[in-house]
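Observations on the model geometry
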Amino acid sequence: NTARRITHGAGITTAALCFAGFNGPPGTQNVAVTESWDGSSWTEVNDVNTARRDGAGNGTYTSALLISGYDGSSRPTAVESWNGTNWTEITDVNASRGGISAVGADNTSSLAVGGDNGPYKASTELWNGTNWTEVNDLNQAKSNMGSAGTVTAALVYGGNPGNTTNTELWNGTNWTETTNLSTGRHFLAGNGRQTAALASGGDTGSQSAATEEWSLSNLAGAWTTGGSMNTARKALGGAGTYTAALAFGGGGPNAQTESYDGTSWTEVN
């Protein structure tokens, strides 16, 4: 219902959440609007407490986190938790940054990765439902990556600086560099698990419609080309899995939603 870019997503193709973002230009401003997806339409629900963009989201449509970001004047450490009805401010992350990425099952479990606040960041923080703890850094400092997985088995890929193709695996303790993306980009959407993930859209210097599919077996991973999106766009939100994904918002901005079935994208609302 609200066109936006640099937005955040959580959930699956039949039950997803889109929250916060940026609706300019025109009308250049951050938004606090949250919308819930039921598989066929978006419905506005309660706003986040602090309008912002370029943070990170993870979880489900009834249990999600919004982490850090840019509020128009600073990159706050603020974190908000969604319980299916309302957003509540909870314990801040340790490091202030925008362009952050995150993975996690719900609002009690998250891994917040990378970002920027002047210099690019390699820092990784783990959320256990009560506190954020700094754990081992990425091998490459970067922001605006795609991400997939859980707090014990994660994948991050792409990002800035330089529209990198870099891909790294998290085993619960350390990050390991693995097979690169074919198309270097930032502001892309990420979905799925560490062993089966999706990279879609993004900024390569121009808006991209490219989709790549990740498969991992015995730490030997590979990216292969998937079906292109109908509308090339960057700074989009994503939800779902490797073979059942949603992509929404992004662009200049737009309000479009597309669904992926493992082969092709279809405009749905």
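Within each chain, residue numbers correspond to sequence positions counted from 1 in written order. For a predicted model such as this one, the threshold for reporting local features is a pLDDT of at least 70, and the threshold for listing and counting side-chain atom pairs is 80 or more; totals across whole chains, interfaces and linings nevertheless cover every residue. Only heavy atoms go into the side-chain values, all of them from the structure, while hydrogens and water stay out.

Quick look at the pairing of strand 7 (residues 79-82)
Residues of strand 7 alternate between two faces, with Val79 and Ser81 on one and Glu80 and Trp82 on the opposite face, all of them buried. In this sheet, strand 7 lies alongside strand 6 (residues 64-67) in antiparallel orientation, the contact comprising 4 bridges. The partner of Ile67 across the bridge, within strand 7, is Val79. One bridge is not enough; two strands pair if DSSP finds at least two bridges between them. Secondary structure elements follow DSSP: runs of H or I of four or more residues count as helices, runs of E of two or more count as strands, with numbering from the N terminus. Taken together, the 4 bridges between strand 7 and strand 8 (residues 87-90) define a ladder with antiparallel strand orientation. The partner of Glu80 across the bridge, within strand 8, is Glu89. Any residue under 20% of the maximum accessible area for its type is buried, any over 50% is exposed, and the rest in between are partly exposed; the area is computed with a 1.4 Å probe on protein chains only.

Description of the packing of aromatic side chains
The criterion for an aromatic pair is that two Phe, Tyr or Trp rings (for Trp, the six-membered ring) have centres within 6.5 Å, with stacked assigned to planes under 30 degrees apart, edge-to-face to planes over 60 apart and tilted to the rest. Scanning the model with the defined rule gives 9 aromatic pairs in all. With a centroid separation of 5.2 Å and an interplanar angle of 45°, the aromatic rings of Trp37 and Trp42 are classed as tilted. Residues Trp37 and Trp42 agree in their burial class; the two are buried. A centroid spacing of 5.1 Å and a plane angle of 35° characterise the contact between Trp127 and Trp132, whose relative ring orientation is tilted. For Trp132, a relative accessible area of 7% puts it in the buried group. The rings of Phe19, Trp82 and Trp87 are connected pair by pair, giving a single aromatic cluster. Placement of a charge over a ring requires the Lys NZ or Arg CZ to be within 6 Å of the ring centre, with the centre-to-atom vector within 35 degrees of the ring normal. Looking at Arg53, its charged tip hangs above the ring of Phe22, at a distance of 4.0 Å from the centre.

Concerning the side chain of Thr167
Mapping Thr167 onto the fold places it in strand 15 (residues 167-170). Since its relative accessible area comes to 0%, Thr167 is described here as buried. Whenever a nitrogen or oxygen atom comes within 3.5 Å of another N or O atom, the pair is scored as a polar contact, on the condition that within protein one atom can donate a hydrogen and the other can accept it, and that pairs from neighbouring residues in sequence are kept only if both atoms are in side chains. Among the polar contacts made by the side chain of Thr167, one reaches the main-chain carbonyl oxygen of Thr179 at a distance of 3.1 Å. In this view, Thr167 contacts Leu155, Val156, Tyr157, Thr176, Glu177, Thr178, Thr179, Asn180, Leu181 and Trp223; residues no more than four positions away in its chain are not counted. Contacts are assigned to residue pairs with any non-hydrogen atoms lying within 4.5 Å of each other.

Some thoughts on the environment of Asn83
As for its position among the elements, Asn83 is in the loop between strand 7 and strand 8. Taking C-alpha positions, Asn83 is 34 Å from Gly227, a pair spaced 144 residues apart along the chain. Residues contacting Asn83, with those up to four places away along its chain left out, are Thr62 and Asn107. Of note is the side chain of Asn83, whose polar atom sits 2.8 Å from the backbone nitrogen of Thr85.

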